[in-house]
Amino acid sequence: MKRLRFNQQEIVFAVFAVLFLAFSIFLRGFLTPENMLTLLQNVAVLGILGLAMAIVVIGRGIDISLIAALAVPPGLVLQMVQNGHSLPASLLTAVLLTIAFGLVNGWLIAYAEVPSLFATLATGLLLAGLGQAALFQLDVVQWSDGMKGFERLGQGTILGIPTSIVMFAIACVVVAFLLRQTRWGAYIYAIGDNPYAARVTGIPSRPIIVLQYVVAALIGCFAGLVMAASVNSMPTRVFNSTLIYDVILVVVLGGIGLSGGRGGVLNVIIGTLLIGTMLNGMTIMDISYAGQNLVKGVVLLLAVITDSFLNPRNEETAQQGDI
Amino acid sequence: MRDTLTSLRYRYWPDHLLGEILSKRWTETAIPVILLLIVGFALSRSIDHFLSPSSLADTARQAGEIGFIGLGMALVVIVGGIDLSVGSIFALTDFCALYLLDVLNWPVPAVVVATLACGALLGAVNGVLIGYLRLRAFITTLITLIIYRSAFDLLIQRYSNSIAAAFPDIPSWNFIGGGDVFGIPSVALVYVAIAIFGHIFMTRLRPGWHITAIGGSRRSAYNSGIPVRRTIALCYVASGVLTSIAALFFAARLGTVGGDIGVGLEVIVLTATVLGGITLGGGKGSVAKSLVGVLIVLLITNGLTTLNARGGINRMALAGILLVAAMVDIRWQKNRTRIISKVYVAPTYHALPPPPATEIGQGGPFEQNDKLRDVELIGLGRIEAPEDVILDRNNNLYAGSRHGDIMRFFAPDYQRMEVFAHIGGQPLGMAFDRQDNLYVCIGGMGLYRIKPDGTVEKATDETNRSMHSVNDDSRLRLADDLDITDDGLIFFSEATVRYEMDEWPIDGLEARGNGRIICYDTKTGATHTALRGLKFPNGICVASDGQSILFAETFGCSIKRLWFAGPKKGQVEVVMDNLPGYPDNINLASDGNYWLALVGMRSPSLDLAWKMPGFRRRMAKRVPVDEWLFPNINTGCVVKFNEQGKILESFWDLRGENHPMITSMREHRGYLYLGGIMNNRIGRYKLENADPNFVQYDKRWGKLS
């Protein structure tokens, strides 16, 4: 007999459905095609970042430095083009920088064994500081003529669908393929589920952990490029915002446990949709930014509490160091 | 000449201290403290007036504020959680204080109380969610971070103007913000008071140990009955209160509510916490670590600001130092025990003359024979590790077992066996007192008393701590054998203060005088150390004069006499030295002489190695433990000696089957009972010409049997 028990993913999806329904019924202008597209467009970047975070979290880590990866390498592209370099050369430099950054992260976590929370906190600061001190002339790196054509990555439509949504979709497919269809993906799940068992089994845990952070940084950079293309500039101050917390919320609310080994792309999509719906609805209701955050927080809290009642943890099976 | 130099070098150079210092828990903090000193030194060289009183006072003010939050964070991290909402709680309580003071014009004490209550409430929300509802700390405090922050944003939109307009001039409020006592800022004073309390709380009080236990292993803590949920919840409440204290001082110092108050504070505090060496995941941490971490972060950020570094460089420097420190710290924590195990063994010079002959045909009292070849075996395969054996007035036989029990074999055939008492640690030497209480030395636990009905009581497990020792030697690590004087003093030996029960042979490798003789007074219950610096003191027996004890130094290969009363009180005299083996327990014989067990015989190789401390140190560092050169404890013998130190007789088992290994023997009604710490049996040997009515403790206490 199947027990009537919901996991967090289903609860969040239910909350999303209820919210969506309520907004559609009570909120004028919510359930229109235009608004739906706006909704998705607004959360596309968040969703892409969520995918990057998901890879790391599934491998039982966390990557606080994603926002730095989002801001600095794309900012570098804009800055280099502004300074007269060609677009491909600039892109190549940015990608190399991103890979190097991911390697540093991964090395620190896998080989130097610094806790991921702390390591990425510090490397994020380091990269943001590097950008601020050495790479950018202004906090907001402006679009220049050399970038012409590149804005199509974030603006316009492909087959009637806004490009940023298409980009999100592409990212989803790529990450889903990586996680579900490749051996590396299986290794990531294994490491996240039980790192010691994975190591004993002979899985190259350390290289795989490095790989996670490199891929995460690359996806973060991709999100940054989409973001820069859609607003025609790179506001590097985004590093100071609380965006990273939103990203973590997307991942965790979607049902990817921070203890690793669980979840997938679908969870990120659900989490993104919930956040997106809430933000969009409240924007239509004309609630202030702080008010929106308050409502967002309370709803999230309720979701997590509900989850804890339906799926209580107990002291017997809780994992040590699982914060 | 060379031997003299070696002996002097090893007598006066304290090799053993390095390992002992490294194994102190406070050396875990070594890396953060070194980093703090380096940072402080570098900054004081590059910035003028960095160490001037005003600059220091300023740093102390900020350090105090961040320090309070650091203490709260340390607490929740130690209990196995994390509190990301401290920045927002800081902002909200700061607002609360200023709103109550400036807008509602409450008196200062009421403001203080209300602010602390507000902090407690905000912390309690976290606490209830994480402790009782068992949500994940990270995600929960992340959500409360957002909720509290947006609540704060909404509140200051309404009230920031009225707060900014007010300029309260209240002396007590100003004192909180900018006052000092003898140049020490008020906030630093309060911080020191709370930090000292916190240190005592975490290291000396039960709730503090509960917190560490939960962080170390939540499951074990739950199973051992610690109120896990309540303790966790209270930790978050404490974090909220500590944050609100910081906010109070901040509010009194600056008196403003800007929108960005406390933004990113959680990152700074978390950085400080981890940098101080408090492990994420729980179970490890201290107040000192939290303070060191806070000071490092503060010095770096302040120093770089003073140096007018660009924001980016500031960030990079902070991040770089953090990463390097974290890496070094993690390596240090990970390899610390390995380093300790490499340097802890510190051999010394120990020279013995060639031993007397034992071979057949060489003559002498130690000449080998086969008397023990056919000893009767008791409890074969049913008892493990009977280090000592003893018989009561009803002829029942008692022996310790490795499982922490005292076993009793019933007379007359010693076939029936029962667990007489369960203690939990391995019983070693035993003795009966006048009231038939059985006193037992328990390895790793101390001296215990078992009443005739089998109830177990602790007699003592500590003695006075010696002044110059690094290791805490007040606890008894390896109480070994004992005897009771006519006045009710119990003299017992503690074989070594440097090794635990399971690693006692390593002490023989060191051959340093690590042991001592301790005296417990049954009348007053007081314990004191009678004699220290002995090479593995072992067997103890009150001598026939009633004023001295005979004791064996196992790795000194000697028997000595210590006077505890009479004209020679306090003096030590050698009775026998240069024994051919390692002496163990000593007991009374029916003819007024003494029985002595030699637990193993000396070998030329170890005798030589004992003169070569450098060789043994290299061996301990480079060779795995199971290939070290250890004293032989496989074959020994029983000898009888008289008061003058003359060996009268020896008993061997040449075939090595029945009873080659002997740690103790006890004469009882014409039989000699044999125990051995590696044996699975007790031996019983019929003595010729012995008093068939001899009962050791009846003779001692003058009872009729």
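Residues numbered from 1 in each chain as written. Chains lettered and ligands numbered in written order. Predicted model: local features only at pLDDT ≥ 70, side-chain atom pairs only at ≥ 80, totals over all residues.

Looking at an unreviewed UniProt entry, chain A carries the name Monosaccharide ABC transporter membrane protein (CUT2 family), with the source organism given as Bradyrhizobium macuxiense.

> Is there a simple way to explain the overall build of chain B in this structure?
Helix and strand counts for chain B come out as 19 helices and 26 strands. Scaling as 2.2 N^0.38, a compact globule of 705 residues should have a C-alpha radius of gyration of about 27 Å, whereas chain B reaches 33 Å, well beyond that. Within chain B, buried positions represent 49% of all 705 residues. The long-range fraction of contacts in chain B, counting pairs at least 24 apart against all pairs at least 6 apart in sequence, stands at 64%. (Helix = DSSP H or I, 4+ residues; strand = E, 2+ residues; numbered from the N terminus. Rg over C-alpha atoms; globule rule 2.2 N^0.38 Å. Buried ≥ 20, exposed ≤ 12 C-beta atoms within 10 Å, placed from the backbone. Contact = placed C-beta atoms within 7 Å.)

> I'm lost on the environment of glutamate 28 of chain B in this one. Help?
Residues and elements named next belong to chain B. Along the chain, glutamate 28 turns up in the loop between α2 (16-22) and α3 (30-46). With 257 residues separating them in the primary sequence, glutamate 28 and glycine 285 have C-alpha atoms 9.6 Å apart. Excluding anything up to four places from it in sequence, glutamate 28 contacts Gly277 and Gln333.

> Is there a simple way to explain the packing of helix α10 (residues 243-254) of chain A against helix α11 (residues 265-284) of chain A in this structure?
Relative orientation and spacing of two packed helices are given, respectively, by the angle between their axes and the distance between those axes. All names here are of chain A. At a minimum axis separation of 7 Å, α10 and α11 run at an interaxial angle of 120°. One element, α10, and the other, α11, form an angle in the oblique class. Handedness of the crossing formed by α10 with α11: right-handed. On α11, the residues touching Asp246, Leu249, Val250, Val251, Leu253 and Gly254 of α10 are Asn267, Val268, Ile270, Gly271, Thr272, Leu274 and Ile275. Considering only residue class, the contact of α10 with α11 consists of eight nonpolar, four polar and one charged. (Axes fitted to C-alpha atoms, helices over the stretch in contact; angles between N-to-C directions. Parallel < 35°, antiparallel > 145°, perpendicular 65-115°, else oblique. Left-handed = near helix turned anticlockwise from the far one by under 90°. Nonpolar A, V, L, I, M, F, W, Y, C, P; charged D, E, K, R; others polar.)

> How should the pairing of strand β8 (residues 426-432) of chain B be read in this particular structure?
Regular strands place side chains that alternate from one sheet face to the opposite one. Residue and element names in this part refer to chain B. Within β8, seven of the seven residues are buried, leaving the element largely enclosed by the surrounding structure. Pairing between β8 and strand β9 (residues 438-443): five bridges, direction antiparallel. Among the inter-strand pairings, glutamine 426 is bridged to a residue of β9, identified as glycine 443. Hairpin remark: β8 followed by β9, antiparallel, with five residues in the connecting loop; positive phi at aspartate 436, about 65°. (Pairing = 2+ DSSP bridges.)

> I'm lost on the interface of chain A and chain B in this one. Help?
Contacts between the two partners involve 43 residues from chain A, matched on the other side by 45 residues from chain B. The set of elements that each furnish at least two residues to the side of chain A that touches chain B consists of α5 (116-135), α10 and α12 (289-310) of chain A. Here the element with the most residues in the side of chain A that touches chain B is α5 of chain A; it accounts for 14 residues. Residue composition of the side of chain A that touches chain B, by class: 28 nonpolar, 10 polar and five charged.

> Honestly, the environment of lysine 535 of chain B in this entry has me stumped. Any pointers?
All names here are of chain B. Following the sequence through the fold, lysine 535 ends up in the loop between β15 (527-534) and β16 (537-542). With 23 C-beta atoms counted inside 10 Å, the residue lysine 535 sits in the buried group. Apart from residues no more than four positions distant in its own chain, lysine 535 is found in contact with Ala511, Gly513, Gly515, Glu553, Phe555 and Gly556.

> Help me understand the sheet that holds strand β14 (residues 515-521) of chain B, please; the structure alone is not making it clear to me.
Whenever strands of a sheet pair, they do so through backbone hydrogen bonds, lying parallel or antiparallel. Residue and element names in this part refer to chain B. Ordered in space as β12-β13-β14-β15, the four strands form an open sheet in which the pairing is antiparallel. Looking along the sheet, the strands with just one partner apiece sit at the ends: β12 (479-484) and β15. Pairwise comparison of adjacent strand axes, ignoring direction, gives a mean angle of 20° for this sheet. The sheet contact formed by β14 and β15 spans six bridges and is antiparallel. Each bridged residue has a counterpart across the sheet, and for glycine 515 the counterpart in β15 is leucine 534.

> How should unusual backbone geometry be read in this particular structure?
Across residues other than glycine, the phi torsion is negative in most instances, and most of the peptide bonds are trans. Between alanine 411 of chain B and proline 412 of chain B the backbone carries a cis peptide bond, its omega angle lying at 0°. Checked against the element boundaries, proline 412 of chain B lands in the loop between β6 (405-409) and β7 (417-422). Here asparagine 232 of chain A, not a glycine, exhibits a phi torsion of approximately 60°, which is positive. Checked against the element boundaries, asparagine 232 of chain A lands in the loop between α9 (205-231) and β4 (233-235). By C-beta crowding, asparagine 232 of chain A is classed as partly exposed, having 14 other C-beta atoms within 10 Å. With a phi close to 55°, alanine 511 of chain B is a non-glycine residue in the positive phi region. Mapped onto the elements of the fold, alanine 511 of chain B is located in the loop between α16 (504-510) and β14.

> Sorry, what's going on with helix α14 (residues 287-306) of chain B here?
Each full turn of the α-helix corresponds to 3.6 residues, which orients residues three or four apart in the same direction. Helix length check: α14 of chain B (20 residues) gives 28 Å between terminal C-alpha atoms against 28 Å at 1.5 Å per residue, within 8%. The buried fraction of α14 of chain B is high, at 15 of 20 residues. (Expected span 1.5 Å × (residues − 1).)

> Can you help me understand the sheet that holds strand β19 (residues 572-576) of chain B in this one?
Residue and element names in this part refer to chain B. Within the open sheet, the four strands sit side by side as β16-β17-β18-β19. Their pairing is antiparallel. Two strands close off the open sheet at either side, each with one partner strand: β16 and β19. Between one strand axis and the next, the sheet turns through 30° on average, direction left out of account.

> I tried to follow the environment of asparagine 105 of chain A on my own but got confused; where do I start?
All names here are of chain A. Summarising the element assignment, asparagine 105 is placed in helix α4 (residues 87-111). Overall, the presence of 31 C-beta atoms within 10 Å leaves asparagine 105 in the buried class. Asparagine 105 sits 15 residues away from threonine 120 along the chain, and the two C-alpha atoms are 6.4 Å apart. Among residues more than four places away in sequence, those in contact with asparagine 105 are Ser65, Ala119, Thr120, Thr123, Tyr213 and Ala217.

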